[in-house]
Each structure stands twice: as C-alpha cells, then as structure tokens.
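Remarks on the overall topology
Chain by chain, the residues run as shown.
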Amino acid sequence: MSPVGIVDLVGFLAILTALAIVWRGWKRALERDAKSLLAGLLALTLFHSFSNTLEWSGITKALDPLEDNIQVLAPMLWGFFFYAFLQTVEITERKRAEEEVKRRNQEMAALNAIATTMIQSALDLDEVLQRIANGLVEGIGCNTALIFLLDEKEGVLKGSALSTKAKTLERINAIIGVPVVQLKIPARSDFNEALSNALDGRMTIKHDLYELAGPLLSKPVCSALRRLLVSKTFLSVPLQVRGKMVGGIFASTREELGEGDTETIMTFANQAAIAIENARLYEESQRRLREMNSLLEVSRNVTSTLELDEVLRRVIDTAIATIGPAEKGTLHLLDEEGDRLVVRASVGFSPETIGMAHLKPGEGYTGWVFAQRQPLIVGDVKADTRTKPIDLPEVHEEKSALCVPLVVRDRTIGTLTLDNVTRYDAFVPEHLDLLSIFASQATIAIENARLYEAVQQELTERKRAEAALKEYSERLEEMVDERTQELRDAQEKLMRQEKLAVLGQLAGGVAHELRNPLGAISNAAYFLNMVLEEPQPEVKEALEIMKKELGTSERIISSLLDFARTKVPTQREVDVNDLVADALPHADEMENVEVMWQLEEALPVLLADPDQLVRVFGNLMLNAAQAMPNGGRLTITTEFVEGGTVRDPQSATRIQVSDTGVGIPEENLDKLFEPLFTTKAKGIGLGLALVKTLVEANGGSIEVESEVGKGSTFTVRLQST
Amino acid sequence: MIQENEALMFVLGVGVLIFVLGNHWRLRRLPASRILLAAFYVLLAGWVLTILEGFFWQELLNTLEHMCYTGSSVLMAIWCWKVFGKKEGWQ
C-alpha cells in the first residue's frame, strides 16, 4: 500500500470511529433535539469516508466520475452542516432558556408561597424563624440552615433557629461543643470576610467552611462539620430591611450554586427579613400593648385613692413591681419651703438611711434629675460623679439606678428613683421610657391627692372657722343679752334708786308731817283713857281701836322713815344664827304659826350690819306669818353653801325663810321687791323693797320662789368674810 | 491541470469559509467549536492542495492533500468523541 493509501486508511478508520461515537450518542442526541445536527454530520462523515475509501480501495478509477461529482457536494454539505448546527444550538438554547424561565417561575411561585406563609400566617418570632429555616431546607434545597438574629444591645448575632435534613443536630451540637442555636458572633466587620460582606448587604459563598465560619469555629470543627453535612457549598446571606441588617442566614448545599440559585436565596432572604421585622414589630406592639395595659392597671391602682400617703406608697410599690430590675426605691417630694427634697415613701431602705436621704435640689443624681428635669440611668452608682456619698452599708450595695422627675404643669414636684443592688447597667432605655410614662401618671395622682388634701384641710379650717364664728356669734348674742340685761338692771336699779330717793324724800316728809298730829292724837287718846275711869263699853272699844290704829300708823311712819333714811351699814362680825333668832316677831304676830328652826352650826362669821339684817329677817318672818292667816309652818334655815354651782357660783351663807301660806302669783314675782307694791289689805308695799335695799347694802342678794297655794321661800345670800 | 469539479469545490469551499468567518462569533457557541472549525479549515486546505497539485509538485501536494483529508477526519472523530462520547458533552 502506498503512503497515501495508508493515510487514507487512517482517515477511513477515523471516520468509522466517529460514526461509532455518534451511534452511541444517538439516543441522547435525539433527546436533545439534535436531529438536524446529526443528519448533517452523518452526511458529511459518510461523504468523507466514501471519498477516502474510494482512493484507498483502488476502485477510484472505476467510480471516478461519480467521485468527482460527490466531492463537489462536500463544501455544500459543510455549509449545510454549519447552518443546521447553528440553528439547532439556538433552538436548543432558546428551549433551555424557556425551560429555565419556567423553572425559575415555578421556584419563585414556590418561594412566594413560602414567604407569604411566613409573613402572613406567623407573627410569633420564634415560629417565623423556624419557618424561614425550614423554608430554606424544604423549599430552596439547602441541607442545613441556621438563622442568626442581630442583638443590637449586645452587638452580637445570636443563633435563633436551625433546620437540617439530616438527623445530625445532636452530632452538630456535639462537634461544636455547644447547642448551635446558642452561638454568638460579634457583629463587627473585622470579624471575618463573611460578616463584613453581610454587614455590607452581600452574600458570601465558600467551599471551605472555615473561610465562612472561622474563627468562630476552629478548622478541625469545620472539617468535621463538612464531612458530616456532605456539603459542597457554604453560604452566608444577610437579612436586611430597608438597608438595615436584622440578622443573617448560614446555609449549606450539597450541590454547586448557580446564579439563579443565589438570586433565589437572596430573594428568599429579603422576604424572610421582612417576615422577621413584621414579627418583631408585632412582638414589640404586643409588648407595648402589655405595657400600656399594665400602666393602665397601675394608674387605676394609684388613682383609686386620694389619701396622699397611700398614693405615695402605691406609686413606689407599683413602680418597683412594674420595672423588672428594680429592687429598691425612693420617692422624693419638694418640701413646702422649696429648698429640700424629702423622702416621702420608700421600699428597701431603713429609717436611718431615709433620714440621711433628704437632698437639696442639685445634690446627688436624684437632685440632679430634679434640677435638670431630665430622666437618668445610672449604670454604676459608685462611679457616677453625681452620687452623694452616704456612709451606710446598704447604700454601698446599690449598683445601678433609674431616676425620673415628677413634673406637673411645668413644675417639678419631686423625683422617683429605683435601684438595683445585684448588677451594674441593670436598667435600659426601655425601662426609662416605661418609668417616665408611669411617673407622669403617678404625678397626676400625687397632685390630685395633694389638692384633695389641701381642699380637705381648707374645708376643715373653714368648718372650724364657721364653728368659731358661730360660737362667737352665740357668745356675742349672750354678751349682748347679758349687757342688755345688765343695762336693763342698771336702768331699773337707777330708776328704782331714783324712785326710792323720791319716795324716801316724800315718805320722810309725809312721815315727819304726820308724826306730830299722830303724837297729839296719841296723847289725847292716852289722856282720855286716863280720865275716864269707867268708860262706856262703846267708848272703851273706840279707844282700843284708836290705840291699835295709832300703833299701826306709828309703824307705817317708822317704816317710811326707815325707808327714807336708810343708813350706810355699820359692818361688824356677826353670827347669822343669832340674828335670825333675834329677828323672830312678837308671839302675838305669830298666832297659829309653827316655827321650825334648821340652823347649821358653826356658820362662818359674816361682816354685816346686824341691825339691818335683824330688820331684814324680821320683815321676812312677819310677811311669812301674814301669808298664813289660818296658820301654818314657818321654816327658818341657815346653811353654808360651797360655790361653783350655777345656783351658787360663790361660797355664801344662805338664809331661807319658807312658809306654807297662800303663795305669790307668778306675774307678781318680778314686782315683788318694787316699792309700794303690795297685795295685802294692810300695807304700803315698802317692806320687801326695804328688805332688798338692806340686803344689797350688806353685799348680799335676795330671791323668791313661790307656788300659789303651797307657799313661798325667800332666800338671802350673804358673802362670807 | 485544473479540473472543473475541483475548481467548483474550491469556490464552494471559499463560500462556506466566508459564511464561517461571517458567523464566527455564533459558531463559537457550538460545543468544541475550535476542533470542528479546525477540521473544516484542514479539509479546505486539502481542497486547495488538490488544485495546486495540478500545477506543480504533484506527488507531494497529493500526499499533503490526503493527509489533510485524514487530519480532517481525525479532528472530526475527536470532535464527535468530545460532543457525543462524553455523558455531558452536549449541554
């Protein structure tokens, strides 16, 4: 065989090989719609083999014209082949693109369904997180998914939910050494590349787990986890809402991720972040609602009383119960002088401490809050420069504090301070907000209680003033009555004295003028009685009548003269019992009268005019006897009475002359001691007037009690020396 | 001497070459397109040599012509193997 023949043979064998390969790949090629490609290819290849075979087999010359014509077709076949091949590729790519779009649409629909379920059906944050993790595993195709949430306060990402296809959770925890959901990652961009990307809102995809999780997890741990999870790809995806990171997803897949997969995961992550934010907002709104309800309850509790001390006690108790970390507390109120904050209620402090806890505005952090009118969180009480040093062990126990001003109508009335003795930075801004709201309610309650107390005090004072005014008014009336009575008495006394003076002057003149004629008559009667030895009975009776009436006239004239010439008492020490005994009238004037003596022995000695008192008692006894014309009992009583009673305000010797006579009508009692007033047929009404004058001249008083038909009692009171 | 069929084949081959060059960026999307295009270019070279052997160095150019055909066949076989022989060749 010539060299050219060998070359042709090789080409022939190559063609056969190509045909064999195509034959093997025929079925797969058909599945991919490559019929036109294969048809062109086969034609081309057959032509090659045919033309080469002709020369190699030595029958070229026999088929020479045919071969020449066939060879002419070769470029046309190649052109057809290229064209058909291009069409096939484009059709295939278009179909593949359509299939990809369809698949993506299906994935997005499934993803949307998952996201909708996450967002709409679950508002509990833990449940949402678990659904996100499950969605990544069941919907996206990850074999493990771990959700981290950002804790802004601590500045860390905390493991919050895990989902995995494999039964490897316990083994994962065992490899890591702690439950995977308790992992914490510092939220710093310098921690590792994945975290830096996540903070910038970018996804990170790695094949080496350590590049993603180191240095949180060591290399051996990462290697062990990779073997356990049988994963090719590890990725971290940020969870962002409005450009702000709320957490992140860590996931692994068994397959390589295409561009569409990453877009799907990012879309899912965005939906998941919204779901998390919604759940957080819902949780926050629920928490706020609970706080508001709690505050409402608290406000009801605090405002249910108006007693100030009780309100203050409830405020401090409720504040400690409401603000979780609070263990102790004090409520300062500005005192009335406005220069000192006084502890009005407290919990957890001894009286000794409370005594030292009074502050000036601006003193200590409590005073600072009062002066600045700003709420304050003190993370470390000892380290705070505003803290007032109080050298007491229990004060040193305080580690952190929370203090808010009590402001009402733009006026600060005090402060409310809560303390924690177990840890520093126990209070957070949420506590401050809550306490501020509570304080505003409490301040209103305190102010109401203060106003109520002020009103009550004013009412009490007003009642007291009204009572005093009423009492003064009554007293004034009494005083007016007393003064009126005194004026009336004085006027009556003056009139009586004037009357007595006129009467005495008149009586004295009359008596003086009558005494001489009566003396002449009396002498004449005496003369006739002397000269007539045996007078006729009628004459004798007339003389007796004359004598008797002259005696009566003499007494009347004497009375008139006594009345007119009342002398100034000549006072000396006297025994009343002796005077009373001396004053008993003559027996013929006491006919049918039984005299009873009830004289108290050892009466105090009085300083009085004895003659005038004998005349007083004599007149009273004579009047009593005359009031009992048919007989009766005359009772003379003397006794010493202690003062202090209404009836006897001062100690005195009391002399009573009582009879069982006709009595005195009530309407005559007031006029009884007036001159010329008499109810007797024989009398000129000067006896009792004289009695009263004499008694009063000796510093005593006289009064009468009488009941018609039963008798009368005259009582004389004389002051002891 | 130049034969008519060879001249016609060359002309048609140049036409296909123009088509290939004009759609070069599209043809690059074909699987293992470099091998396939190389097979075409080598075959085209064989057709040129067929014409040239009529004028000088007949023996040498004829041998080269057949080597081009064989080389083109081998490249085609390789291309078939890369495209259809592998499980994931036609993607």
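The structure presented is a predicted model; accordingly, all values stated were derived computationally and were not measured.

Below, the discussion takes up the overall build of chain B. The number of helices and strands found in chain B is 4 helices and 0 strands. Along the chain direction, N to C, the helices and strands of chain B fall in the order α-α-α-α. A buried classification covers 45% of the 91 residues belonging to chain B. Sequence-distant contacts in chain B: of pairs separated by 6 or more residues, those separated by 24 or more amount to 58%.

Turning our attention to the sheet that holds strand 4 (residues 204-206) of chain A. Residues and elements named next belong to chain A. An order of 3-2-1-6-5-4 is seen for the 6 strands of this open sheet, with the pairing classed as antiparallel. Sheet topology places strand 3 (184-186) and strand 4 at the edges, where each strand pairs with a single neighbour. Pairwise comparison of adjacent strand axes, ignoring direction, gives a mean angle of 20 degrees for this sheet. The pairing of strand 5 (residues 233-241) with strand 6 (residues 244-253) spans 9 bridges and is classified as antiparallel. In the sheet register, Ser-236 faces strand 6, and the bridge partner there is Phe-250.

Turning next to a negative patch on the surface. Where like charges cluster on the molecular surface, the negative patch consists of Glu-471, Glu-474, Glu-477, Glu-478, Asp-481 and Glu-482 of chain A. Residue placement: Asp-481 of chain A occurs in helix 15 (residues 429-531).

The full count for this structure, using the stated rule, is 7 aromatic pairs over all chains. Relative to Phe-40 of chain B, the ring of Trp-78 of chain A lies with its centre 5.4 Å away and its plane at 50 degrees, an arrangement referred to as tilted. Highlighted residues: Trp-78 of chain A in helix 4 (residues 64-121) and Phe-40 of chain B in helix 3 (residues 33-52), drawn from two different chains. A relative accessible area of 0% means that Phe-40 of chain B is categorised as buried. Residues Phe-673 of chain A and Phe-714 of chain A carry aromatic rings whose centres are separated by 6.3 Å and whose planes lie at 90 degrees to one another, so their mutual orientation is edge-to-face. Of the two residues, Phe-673 of chain A is situated in the loop between helix 19 (666-669) and helix 20 (687-697) and Phe-714 of chain A in strand 18 (residues 711-719); the sequence distance between them amounts to 41 residues. Per residue, the accessibility class of Phe-673 of chain A equals that of Phe-714 of chain A, and both read buried.

Residue and element names in this part refer to chain A. Across the 9 residues of strand 5, 8 count as buried, placing the element largely inside the fold. In this sheet, strand 5 lies alongside strand 4 in antiparallel orientation, the contact comprising 3 bridges. From the neighbouring strand, Thr-204 faces strand 5, where its bridge partner is Ser-236. Where strand 5 folds back onto strand 6 in an antiparallel hairpin, the turn is made up of 2 residues, including Arg-242, whose phi is positive at roughly 50 degrees.

Turning next to the side chain of Ser-252 of chain A. Residue and element names in this part refer to chain A. By secondary structure assignment, the location of Ser-252 is in strand 6. In terms of polar contacts, Ser-252 uses its side chain to reach the side chain of Asn-143, at 2.6 Å. Once residues lying within four places of it in the same chain are set aside, the contact partners of Ser-252 are Cys-142, Asn-143, Thr-144, Leu-229, Ser-231, Thr-233, Phe-234 and Leu-235.

Next up on the list: the pattern of salt bridges. All names here are of chain A. Per the stated rule, a full pass over the model turns up 19 salt bridges over all chains. Linking Lys-206 and Glu-193 is a salt bridge whose minimum nitrogen-to-oxygen distance equals 3.1 Å. With Lys-206 in strand 4 and Glu-193 in helix 7 (residues 193-199), this residue pair connects regions lying 13 residues apart in the sequence. The buried category is assigned to Lys-206, whose relative accessible area is 15%. With a closest N to O distance of 3.1 Å, Lys-692 and Glu-696 form a salt bridge. Separated by 4 residues within a single helix, Lys-692 and Glu-696 lie in helix 20, roughly one turn from each other. Relative accessible area serves as the criterion here: at 36%, Glu-696 is assigned to the partly exposed category.

Turning our attention to the packing of helix 1 (residues 3-24) of chain A against helix 4 (residues 58-85) of chain B. At a minimum axis distance of 8 Å, the contact between helix 1 of chain A and helix 4 of chain B shows a crossing angle of 15 degrees. Judged on the interaxial angle alone, helix 4 of chain B and helix 1 of chain A are roughly parallel. You can see that helix 1 of chain A and helix 4 of chain B cross each other, and the crossing is left-handed. Residues that form the contact of helix 1 of chain A with helix 4 of chain B fall into these classes: 15 nonpolar, 7 polar and 1 charged.

It is worth spelling out helix 1 of chain A at this point. With 22 residues, helix 1 of chain A extends 32 Å from end C-alpha to end C-alpha; this agrees with the ideal 32 Å at 1.5 Å per step. When helix 1 of chain A is considered as a whole, its buried residues turn out to be Val-4, Gly-5, Val-7, Asp-8, Gly-11, Phe-12, Ala-14, Ile-15, Ala-18, Ile-21 and Val-22 of chain A.

With that settled, consider the environment of Leu-613 of chain A. Residues and elements named next belong to chain A. When you line up the elements, Leu-613 lands in helix 18 (residues 610-626). Remark: the alpha-carbon pair of Leu-613 and Asn-698, spanning 85 residues in sequence, is separated by 8.4 Å. Once you skip the residues sitting within four places of it in the chain, Leu-613 turns out to touch Leu-579, Ala-608, Asn-698 and Leu-718.

What follows is about the sheet that holds strand 7 (residues 328-334) of chain A. Residue and element names in this part refer to chain A. Reading across from one edge, 8-7-11-10-9 is the order of the 5 strands in this open sheet, with antiparallel pairing throughout. If you trace the sheet from one side to the other, it starts and ends with strand 8 (341-347) and strand 9 (376-378), each paired once. Across the sheet, the axes of successive neighbouring strands diverge by a mean angle of 20 degrees, strand direction being ignored. When strand 7 meets strand 8, the two strands line up antiparallel, connected through 6 bridges. In the sheet register, Thr-330 faces strand 8, and the bridge partner there is Ser-346. Across the face of the sheet, helix 11 (residues 308-322) comes into contact with strand 7, strand 8 and strand 11 (411-420) while running at roughly 60 degrees to strand 8. In the packing of helix 15 onto the sheet, the strands contacted are strand 7, strand 9, strand 10 (400-408) and strand 11, and the crossing angle to strand 10 comes to about 40 degrees.

So, about the confidence of the model for chain B. Residue and element names in this part refer to chain B. Averaged over all residues, the pLDDT of chain B equals 83, while 91% of them reach at least 70. Mean pLDDT in chain B bottoms out at helix 2 (residues 24-27), which sits at 84, and peaks at helix 3, which reaches 89. This complex was scored by the predictor with a pTM of 0.42 and an ipTM of 0.87.

All names here are of chain A. Phi at Arg-373 is positive, roughly 55 degrees, even though this residue is not glycine. With respect to the helices and strands, the residue Arg-373 is situated in the loop between helix 13 (364-372) and strand 9. With a phi close to 50 degrees, Asp-425 is a non-glycine residue in the positive phi region. If you trace the backbone, Asp-425 turns up in the loop between strand 11 and helix 15.

For the rest of this paragraph, the subject is the pairing of strand 6 of chain A. Residues and elements named next belong to chain A. With 9 of 10 residues buried, strand 6 is to be regarded as a mostly interior element. The pairing of strand 1 (residues 144-151) with strand 6 spans 6 bridges and is antiparallel. Looking at strand 6, one finds that Leu-146 is bridged to Phe-250.

What counts as what
Residues numbered from 1 in each chain as written. Chains lettered and ligands numbered in written order. Predicted model: local features only at pLDDT ≥ 70, side-chain atom pairs only at ≥ 80, totals over all residues. Heavy atoms only, no water. Helix = DSSP H or I, 4+ residues; strand = E, 2+ residues; numbered from the N terminus. Buried < 20%, exposed > 50% of the residue type's maximum accessible area, 1.4 Å probe, protein only. Contact = heavy atoms within 4.5 Å. Pairing = 2+ DSSP bridges. Axes fitted to C-alpha atoms, helices over the stretch in contact; angles between N-to-C directions. Patch = residues over 30% accessible without salt bridge, like charges linked within 9 Å, V, L, I, M, F, W, Y side chains within 5 Å. Areas by Shrake-Rupley, 256 points an atom, 1.4 Å probe, with all protein chains shown as cover. Salt bridge = Lys/Arg side-chain N within 4 Å of Asp/Glu carboxyl O. Lys, Arg positive; Asp, Glu negative; His and termini not counted. Charge placed at Lys NZ, Arg CZ, Asp CG, Glu CD. Phe/Tyr/Trp six-rings, centres within 6.5 Å; stacked < 30°, edge-to-face > 60°. Polar contact = N/O pair within 3.5 Å; in protein donor to acceptor, adjacent residues only side chain to side chain. Parallel < 35°, antiparallel > 145°, perpendicular 65-115°, else oblique. Left-handed = near helix turned anticlockwise from the far one by under 90°. Nonpolar A, V, L, I, M, F, W, Y, C, P; charged D, E, K, R; others polar. Expected span 1.5 Å × (residues − 1). pLDDT = per-residue confidence, 0-100.

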